[in-house]
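# Commentary on secondary and tertiary structure
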Amino acid sequence: MTTSARGVDAPGRAQIDARTLRADRWWLPPAATTAGLLVFLVYGGVRAFQQQYFFADERYLTPFYSPCVSLGCASEPGAAHFGMFLPDHPLIPYAALSLPFLLLFRLTCYYYRKAYYRSFWLSPAACAVPEPHATYTGETRFPLILQNSHRYFFYLAAVIALINTYDAVLAFRHPADGFVVGVGNLVLLVNVVLLWAYTVSCHSCRHVMGGRLTHFSKHPVRYRIWTWVSGLNTRHMFFAWITLGTLILTDLYVMLVARGTIVDLRIIG
Amino acid sequence: MSYTGRFRVWRGDTDGGALQDFEVEVNEGEVVLDVLHRLQATQTPDLAVRWNCKAGKCGSCSAEIDGRPRLLCMTRMSVFGTDDVVTVTPMRTFPVIRDLVTDVSYNYAKAREVPSFTPPADLAPGEYRMQQIDVERSQEFRKCIECFLCQDTCHVVRDHEENKEAFAGPRFLMRVAELEMHPLDVADRVPAAQEEHGLGRCNITKCCTEVCPEGIKITDNALIPMKERVADRKYDPLVWLGRTISRRR
Ligand code: SF4
Ligand code: SF4
Ligand code: FES
Ligand code: FES
């Protein structure tokens, strides 16, 4: 088929010159999505490799450096909770054990798939707006067939969320002052709660918790968990975006305190 | 309030056609279908438009308004400004017959490819018993009025005629999900969802959900859960191992 006879111009369909008659600003959501994702990728990329300003007030560890397992973490005593064993190299992020999997978790996420298929790949950019590609096989072939591995990244992300929770709890203990609560604690706490909300509202989680069952009546507990996860799942897109924001803000806060640009306000202690 | 509305309506057939401009009276409370009927009554007695219930329940009046797949009888004129030009075309994924009427037989062919409800062999009709919580998920999908707006908007077939062969479309992948989740259906529909009905071609971009006049969460509640079931069966070595071991016991 020639390019001009594709899709809405295929033989037999109503002959209309305009490939789309949508007159609203349909390009706005994909453009905003592209911008939002790029901001996060650039910020995250820069910070992951900066290897500086990741631990503040001897207790706040930014999620971008958790778990801190590089030999380089020794520059901030107290930052490494799980040992230091990765070589200290400018191309190896200190959290090289978690970051790639978190990236893959989001890359294979059903929501982000929708977001980048629409924005980066324009497939489709908006509903009833023709996509530019001549052929289309969806997720039937390599590499996109690998999207089916999403559940494995969900399991790993849950483990990493546990580590982030541990970090947030540990941050209440100052090596010299004992139990303290600062603004940074609240920042870490809000971030970790939202990370859990994003992780638990995952479609694979919904499936694993109970979605795969045919007879809910035989599994009352799993049915209740499924119902609860389903409720969160309707807000999965919201959590996907809000956590990109809280991750940046949390990291920024820790970085600014670590650099001495701002002072962390103590509420207790 | 009554005003003269400006419309562009596609008129033609398989041999060709064009958008034609009309000025028609619009009254308060009307929907696009009302105005098309007035157009038929006053200016274009031969305008072809399919409709039946005028209540958003029969699924006959599917078309595209300002480029978006919609029901003509459920699109209120009040969503447009009095100066707007309202463009109405037939659905652009199916072959046109005349004016706003398309040939939707692709959908009937796909419907026939889904094996029907298969109850357990030892149950006679009248003996079916099931719990509400077990049928709930399937019931959401029963709200479908078969307007085929989701099929029309899905880029898999809208933008790629050649995919019609291999892809059942959201409406019928949802039908597969409905039966797969049904407590009394014993047929195994998971491999076929991927291999025969083309589930892998869906890239979960949710346009079907966006246009569904019944508000069915097609992608979240039917397509993604089916993708997860397919992953269980075809792409998850752990689940496969678990099943094999538990079967041996
Ligand atoms: S979510 Fe899948 S089935 Fe629905 S419109 Fe998009 S590609 Fe088509
Ligand atoms: S699922 Fe919704 S959009 Fe698709 S045919 Fe049924 S009612 Fe129409
Ligand atoms: S994290 Fe988004 S669907 Fe799993
Ligand atoms: S006429 Fe029945 S749905 Fe519009």
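What counts and how
Residues numbered from 1 in each chain as written. Chains lettered and ligands numbered in written order. Predicted model: local features only at pLDDT ≥ 70, side-chain atom pairs only at ≥ 80, totals over all residues. Heavy atoms only, no water. Disulfide = S-S within 2.5 Å. Buried < 20%, exposed > 50% of the residue type's maximum accessible area, 1.4 Å probe, protein only. Helix = DSSP H or I, 4+ residues; strand = E, 2+ residues; numbered from the N terminus. Near = heavy atom within 4 Å. Nonpolar A, V, L, I, M, F, W, Y, C, P; charged D, E, K, R; others polar. Axes fitted to C-alpha atoms, helices over the stretch in contact; angles between N-to-C directions. Parallel < 35°, antiparallel > 145°, perpendicular 65-115°, else oblique. Left-handed = near helix turned anticlockwise from the far one by under 90°. Contact = heavy atoms within 4.5 Å.

## Here we look at the state of the cysteines
- Applying the stated criterion to the full structure yields two disulfides over all chains.
- Cys68(A) shares a disulfide with Cys73(A); S-S distance 2.2 Å. Between Cys68(A) and Cys73(A), the S-S dihedral sits near -90°, and the bridge is therefore left-handed. Each of the two residues, Cys68(A) as well as Cys73(A), counts as buried.
- Through a disulfide, Cys127(A) is tied to Cys207(B); the S-S separation comes to 2.2 Å. Handedness of the Cys127(A)-Cys207(B) disulfide follows from its S-S torsion of about -90°: it is left-handed. Separated into two different chains, Cys127(A) in the loop between helix 3 (110-119) and helix 4 (150-170) and Cys207(B) in helix 8 (residues 207-211) make up a pair that spans both.
- Residue classification places Cys127(A) among the buried positions, given a relative accessible area of 4%.

## Some points on the site of ligand 2
- Around ligand 2, the surrounding shell consists of Cys144(B), Ile145(B), Glu146(B), Cys147(B), Phe148(B), Cys150(B), Arg171(B), Met174(B), Cys212(B), Pro213(B) and Ile218(B).
- Considered class by class, the residues forming the shell around ligand 2 number nine nonpolar, no polar and two charged.

## Quick look at the packing of helix 6 (residues 170-180) of chain B against helix 9 (residues 218-235) of chain B
Residue and element names in this part refer to chain B.
- Close contact between helix 6 and helix 9 brings their axes to 9 Å; oriented N to C, the two are set at 65°. Judged by the inter-axis angle, helix 6 sits roughly perpendicular to helix 9. Remark: the crossing between helix 6 and helix 9 carries left-handed chirality. Of the residues in helix 9, those touching helix 6 at Pro-170, Leu-173, Met-174, Val-176, Ala-177 and Glu-180 are Ile-218, Ala-222, Leu-223, Met-226 and Arg-229.
- Across the contact of helix 6 with helix 9, the residue classes tally to nine nonpolar, no polar and two charged.

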